[in-house]
Amino acid sequence: MINVSVAQDRCFALLPCAGSGSRAGTATPKQYQPVAGQPMARHTLAAFARVPRITQVLVVVAPGDNFLHTPDATFSIAACGGATRAESVFNGLKQLLVMGATPHDWVLVHDAARCLITPAQIDALIDACLPDAVGGLLALPLPDTLKHARANGRVDATLDRADKWLAQTPQMFRIGALHAALAAHAANGFAGITDEASAIEATGAQPLLVRGSAQNFKVTYPEDFALAEAVLTSRDA
Ligand code: CTP
Ligand code: MG
């Protein structure tokens, strides 16, 4: 019998979009702030809509959030956001399974607030992870010297940066494996689970690092909006 399992494996995208953006200091959730003429989350959605290998995109928003209310053919919405990013992702995975995804299908989890992601970067992650037994994430080798701080705000050590990477998203894993990995942390409120890879790592598996771009930063602080705007505007030009 011919093994067609790889050909049948689908890729879903899950966009956690249920945060409040407390560090961004905006009046409304940061993912809906206008950047280069559109709410930030719309730029993120547009990038995923341009990747043909993505079967379906599910956006996880907070209960009662109607901002993206009219989904178009390119995405669905689930108002099942949780108290933490990990809980939002966990709830979204359950919804993907309800919608017909299988545990063997892949999911690319991507922060709605990383609105500078490009279709080429998404494709690069898919290319690297499809043949991989575990899956992986976009990440960036640490560019700066890394300092260890004491509580008094002074440096007590310089750490070796050669083996340090900054984790980005998307992060791509099998839906079933990621769901099980997160379920193990549900009882303690997903403590210490700051991305998908950390949950997978806790199972003993080793996610693949796929080099991303410094432009794929997460809009987090007030000054990040102007930088995102400049990058998006320069791409349009
Ligand atoms: N997120 C989510 N559910 C939460 C918290 C965050 O879906 N309970 C989403 C955010 O909307 C964002 C992504 O996870 O797209 C990355 O989180 P982050 O940048 O930390 O956003 P916020 O949590 O909203 O910001 P802050 O931590 O500054 O409050
Ligand atoms: Mg947060």
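Residues numbered from 1 in each chain as written. Chains lettered and ligands numbered in written order. Predicted model: local features only at pLDDT ≥ 70, side-chain atom pairs only at ≥ 80, totals over all residues. Heavy atoms only, no water.

All right, on to the UniProt feature "site: Transition state stabilizer" (unreviewed entry) in the chain then. Those residues carrying the UniProt feature "site: Transition state stabilizer" (unreviewed entry) are Arg 23 and Lys 30 in this numbering. Assignment of secondary structure puts Arg 23 in the loop between strand E1 (11-16) and strand E2 (34-35). Every residue in contact with Arg 23, bar those within four places of it in the chain, is listed here: Lys 218, Thr 220, Tyr 221 and Pro 222. Judged by relative accessible area, Lys 30 falls into the buried class, the value being 9%. Other than its neighbours up to four places away in sequence, Lys 30 contacts Ser 20, Gly 21, Ala 24, Met 40, Ala 113, Lys 218, Val 219, Thr 220 and Phe 225. (UniProt positions renumbered as here; feature names shortened; annotations may be inferred. Helix = DSSP H or I, 4+ residues; strand = E, 2+ residues; numbered from the N terminus. Contact = heavy atoms within 4.5 Å. Buried < 20%, exposed > 50% of the residue type's maximum accessible area, 1.4 Å probe, protein only.)

Right, let's talk about the site of ligand 1 for a bit. What surrounds ligand 1 is a group of 19 residues, the closest being Gly 21, Ser 22, Lys 30, Ser 88 and Lys 218. Note that an oxygen atom of ligand 1 is positioned 2.9 Å from one of the backbone N or O atoms of Ala 18. Here an oxygen atom of ligand 1 sits 2.5 Å away from a polar atom, N or O, in the side chain of Ser 22. Notes on ligand 1: free accessible area 560 Å², of which the protein chains cover 88%. (Near = heavy atom within 4 Å. Polar contact = N/O pair within 3.5 Å; in protein donor to acceptor, adjacent residues only side chain to side chain. Areas by Shrake-Rupley, 256 points an atom, 1.4 Å probe, with all protein chains shown as cover.)

The next point concerns the sheet that holds strand E10 (residues 165-174). Overall, mixed pairing links the 7 strands, which are arranged E5-E4-E1-E6-E10-E7-E11 in an open sheet. The two strands at the open ends of the sheet, each matched to only one other strand, are strand E5 (76-78) and strand E11 (208-211). The sheet shows a mean angle of 30° between the axes of neighbouring strands, direction not considered. Summarising the sheet, strand E4 (residues 54-60) and E5 pair through 3 bridges and their orientation is parallel. Paired with Leu 58 across the bridge in E5 is Ser 76. Against the sheet, helix H5 (residues 175-183) engages E1, strand E6 (106-109) and E10, with an angle of about 115° to E10. (Pairing = 2+ DSSP bridges. Axes fitted to C-alpha atoms, helices over the stretch in contact; angles between N-to-C directions.)

Below, the discussion takes up the side chain of Asp 195. Along the chain, the position of Asp 195 falls in the loop between H5 and helix H6 (196-201). Despite its burial, Asp 195 pairs with no opposite charge, the nearest such side chain being Arg 85 at 6.6 Å. Engagement of the side chain of Asp 195 in a polar contact is seen with the side chain of Gln 171, the distance being 3.0 Å. Those residues in contact with Asp 195, other than ones at most four positions away along the chain, are Arg 85, Ala 167 and Gln 171. (Lys, Arg positive; Asp, Glu negative; His and termini not counted. Salt bridge = Lys/Arg side-chain N within 4 Å of Asp/Glu carboxyl O.)

UniProt records the feature "site: Positions MEP for the nucleophilic attack" (unreviewed entry) at Arg 161 and Lys 218, using the numbering of this structure. In this structure, Arg 161 sits in the loop between strand E9 (155-159) and E10. A relative accessible area of 38% means that Arg 161 is categorised as partly exposed. Contacts of Arg 161, omitting those with residues within four sequence positions, involve Leu 142, Pro 143, Asp 144 and Thr 145. Side-chain polar atoms of Arg 161 contact the backbone oxygen of Pro 143, separated by 3.4 Å. Looking at the secondary structure, you find Lys 218 in the loop between E11 and helix H7 (224-236). In this structure, Lys 218 is in contact with Arg 23, Lys 30, Asp 111, Ala 113, Arg 114 and Asp 224, ignoring residues within four places of it in sequence.

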